[in-house]
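Structural overview for review
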Amino acid sequence: MKPNTLLQIAKDFGSPVYVYDSEKIKFQYNRLTSAFGKVKHLKLNYAVKALSNISVLKIFNQLGSGLDTVSIQEVQLGLKAGFKPEQIIYTPNGVSLEEIEKAAKLGVQINIDNLSILEQFGTRHPKTPVCIRINPHVMAGGNTNISVGHIDSKFGISIHQIPHLLRIVENTNMTINGIHMHTGSDILDIDVFLYASEILFDTAKNFKNLDFIDFGSGFKVPYKTGDIETNIEELGKKLSKRFNEFCKDYGKELTLAFEPGKFLVSEAGYFLTRVNVVKQTTSTVFAQVDSGFNHLIRPMLYGSQHEIINISNPNGRERFYSVVGYICETDTFANNRRINEISEDDILAFKNAGAYCYSMASNYNSRYRPAEVLWHNKKAHLIRKRETFDDILNNQIEIQI
Ligand SMILES: *Cc1c(COP(=O)(O)O)cnc(C)c1O
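The notes below deal with the structure included here. What you see is a predicted model, and the numbers here were worked out from it, not measured in a lab.

What you tend to see is this: most non-glycine residues have negative phi, and most peptide bonds are trans. With an omega dihedral of -5°, the bond running from Ser15 to Pro16 counts as a cis peptide bond. Along the polypeptide, Pro16 turns up in the loop between α1 (3-13) and β1 (17-21). For Asp345, which is not glycine, the phi dihedral falls at a positive 80°. Mapping Asp345 onto the fold places it in the loop between β15 (332-340) and β16 (347-350).

Quick look at the structure:
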């Protein structure tokens, strides 16, 4: 999006504010679809947890996407946004049998990731087809915070437990209609991903009634200059070919599914903040913005480096700044960053603010969560109001002391 458009949005809607560009979402969706153009049945299920605003979900519905959900509330949001139950896959981890039964009753595709629940669910609902989440024990990416397929991970059913799994399926007479993996959040090495896929194909051969194989996600997008991103086009070429071969052997045209979050929405998002104070200390120049990890926690939680641009002074002289927040806690967004000269009241735009930003925001320090704006058809639409003091008090009960 153009700096001037963003600046105008900050003027019209105040700060801090999240802005999402629907064109970019569409572009990424089409890019992924084209990369797998050779697969007869492709299904993209957008991972709701990345950015769960109902208006954003409606864009995905219009694009023909399905949804990947991890809680019953996300399922309900998806249904409310107009998705049909059969377009939604529910992939929880560590939730109760009761919640899974609730989701099954709503008619969504159930994905189970542990043997205990599989045995209980299969015993009680042998007629409901179930997908199983496999842990292929493959490490994608180097950061253990965001790799979920490796040996110590809490996610998925270990491939070493397949014999036990098969016994449960046989004893309960349940139907397994899908095989799933989600190996982590950073696929850089396509060969590692293809290796994990082979494990999935091997597993799939054990089940005769499959409709789909779900390869999860973990597509990497660039955050800062020099970052490498997943080569989607190359992955598309190689995996499509292998998938089509597998389908031939299997004797049925299965659906190839993915469930990307970050890839589809990260780069569509901008987080606009206002500079409250420029503070020169003996060693550093701090730019303090009207936000903190209550609104954007990824830099502190994952060490993510969101590019920051001064849209109020895009041609100013570049200087070094540490950009920090206003909450009473260390909340450093960026250290020693080269940014166009910053004055108080300037608007700083954080890039890659579409995925896991607003959806991880909190009320820490009793601050309001920001507004959200969707840039759609060349117009800015408010899609979530900024919170007010009533929201802070809501659900609090004041007792007689
Ligand atoms: C979070 C999640 C995703 C999306 O991951 P991204 O890295 O955002 O693409 C996909 N599948 C499951 C099961 C998830 O939990």
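Helical geometry: 3.6 residues make up each α-helical turn, so side chains three or four residues apart lie on a common side. Among all positions in helix α6 (residues 115-124), only Leu115, Ile117, Leu118, Phe121 and Gly122 are buried. Taken end-on, α6 shows its buried residues confined to a sector of 155°, consistent with a single buried face. Seen from the open side of α6, the exposed residues pointing more than 90 degrees away from its buried face are Thr123 and Arg124. Looking at the packing, one finds that the buried side of α6 touches α5 (97-105), β5 (109-112), β6 (130-135), β7 (157-158) and α7 (162-172). In this structure Asn114 caps α6, since a side-chain oxygen of it lies 3.3 Å from the backbone nitrogen of Ser116.

Now for the pairing of strand β14 (residues 318-324). Alignment of strand β12 (residues 285-289) against β14, held across three bridges, turns out to be parallel. Across the sheet, residue Phe286 finds its bridge partner in β14, namely Ser322.

Okay, the nonpolar core next. Within the largest apolar cluster, 100 residues are counted, with the highest numbers of intra-cluster contacts made by Ile110, Leu165 and Phe215. Per-element accounting of this core gives the leading share, eight residues, to helix α8 (residues 190-204). If you count residues domain by domain, this core takes at least three from each of domain 1 (22-265) and domain 2 (267-385). The residues touching Ile110, leaving out its near neighbours within four places in the chain, are Tyr90, Ile100, Ala103, Ala104, Phe121, Val130 and Cys131. In terms of nonpolar packing, the next biggest core, distinct from the first, is built from 13 residues, Leu6, Leu7, Ile311 and Ala371 among them.

We now examine the pattern of salt bridges. Following the criterion strictly, the structure yields 13 salt bridges and no others. With a shortest N-O distance of 2.6 Å, Glu198 and Arg242 are connected by a salt bridge. Placement of Glu198 in helix α8 and of Arg242 in helix α9 (residues 232-250) is noted, with a sequence separation of 44 residues between them.

Positionally, Ser359 belongs in the loop between β16 and β17 (371-376). Each C-alpha atom, one on Ser359 and one on Leu118, is 29 Å from the other, the two residues being 241 residues apart in sequence. Contact partners of Ser359, with chain neighbours within four places excluded, come to Lys49, Ala50, Leu51 and Ser52. Polar side-chain contacts of Ser359 include one of 3.1 Å to the backbone oxygen of Ala50.

On the surface, a nonpolar cluster with roughly 300 Å² of combined accessible area is contributed by Tyr368, Phe389 and Leu393. Here Phe389 is to be found in helix α12 (residues 389-393). A relative accessible area of 51% places Phe389 in the exposed class.

For the rest of this paragraph, the subject is the packing of aromatic side chains. Throughout the structure, instances matching the rule amount to 17 aromatic pairs. Aromatic pair Phe201 and Phe215: ring centres 5.9 Å apart, planes at 70°, arrangement edge-to-face. Highlighted residues: Phe201 in helix α8 and Phe215 in the loop between β9 (212-214) and α9, separated in sequence by 14 residues. Overall, the relative accessible area of 1% leaves Phe201 in the buried class. Between Phe215 and Phe243 the ring centres are 6.3 Å apart and the planes differ by 75°, which places this aromatic pair in the edge-to-face class. Here Phe215, found in the loop between β9 and α9, pairs with Phe243, found in helix α9; they are 28 residues apart in sequence, far enough to count as distant. Following the ring pairs from residue to residue traces out a cluster consisting of Phe36, Phe193, Phe201, Phe215, Phe219, Phe243, Phe246, Tyr250, Phe258 and Phe263. In this structure, Arg367 is placed above the aromatic ring of Tyr326, and the distance from its NZ or CZ to the ring centre is 4.2 Å.

All right, on to the side chain of Asn135 then. Of note, Asn135 is situated in strand β6. The exposure class assigned to Asn135 is buried, which follows from its relative accessible area of 3%. Separated by 2.8 Å, the side chain of Asn135 and the backbone nitrogen of His137 make a polar contact. A distance of 3.3 Å separates the side chain of Asn135 from the backbone oxygen of Phe155, its partner in a polar contact.

Conventions we followed
- Once a new chain begins, its residue numbering starts again from 1 and follows that chain's sequence as written.
- A pLDDT threshold of at least 70 governs which residues receive local features in this predicted model, and a stricter bar of 80 or more applies before side-chain atom pairs are shown or counted, although totals over entire chains, interfaces and linings include all residues.
- The side-chain quantities take in all heavy atoms of the structure and omit both hydrogens and water.
- Going along the chain from the N terminus, every DSSP run of H or I of four or more residues is numbered as a helix, and every run of E of two or more is numbered as a strand.
- Exposure is judged per residue with a 1.4 Å probe applied to protein chains only, and the accessible area is read against the type maximum: over 50% gives exposed, under 20% gives buried, and values in between give partly exposed.
- The arc in question is formed by the directions pointing from the helix axis toward the C-beta atoms.
- Note on definitions: a residue-residue contact is assigned when non-hydrogen atoms from the two residues lie within 4.5 Å.
- Distance and chemistry together define a polar contact, namely a pair of N or O atoms within 3.5 Å, with one atom able to donate a hydrogen and the other to accept it when in protein, and with adjacent residues in sequence counting only for side-chain atoms on both sides.
- Two strands pair under a simple rule: DSSP has to find at least two bridges between them.
- In this description, a nonpolar core means a group of buried Ala, Val, Leu, Ile, Met, Phe, Trp, Tyr and Cys residues linked to one another through side-chain atoms lying within 4.5 Å.
- For each domain, the first and last residues come from an automatic or database assignment.
- Put simply, a salt bridge is a Lys or Arg side-chain nitrogen that is within 4 Å of an Asp or Glu carboxyl oxygen.
- Patches here: salt-bridge-free residues with over 30% relative accessible area, like charges joined within 9 Å, nonpolar side chains (Val, Leu, Ile, Met, Phe, Trp, Tyr) joined within 5 Å.
- Note on areas: these come from Shrake-Rupley sampling with a 1.4 Å probe, and a residue is covered only by the protein chains present in the view.
- Stacked, tilted and edge-to-face are the three classes applied to pairs of Phe, Tyr and Trp rings, where Trp contributes its six-membered ring and a pair requires centres within 6.5 Å; stacked means planes under 30 degrees apart, edge-to-face means over 60, and tilted covers the rest.
- Definition used: whenever NZ (Lys) or CZ (Arg) falls within 6 Å of the ring centre and also within 35 degrees of the ring normal, the charge is taken to sit over that ring.

The quantities given are spatial measurements derived from coordinates; they are silent on function.
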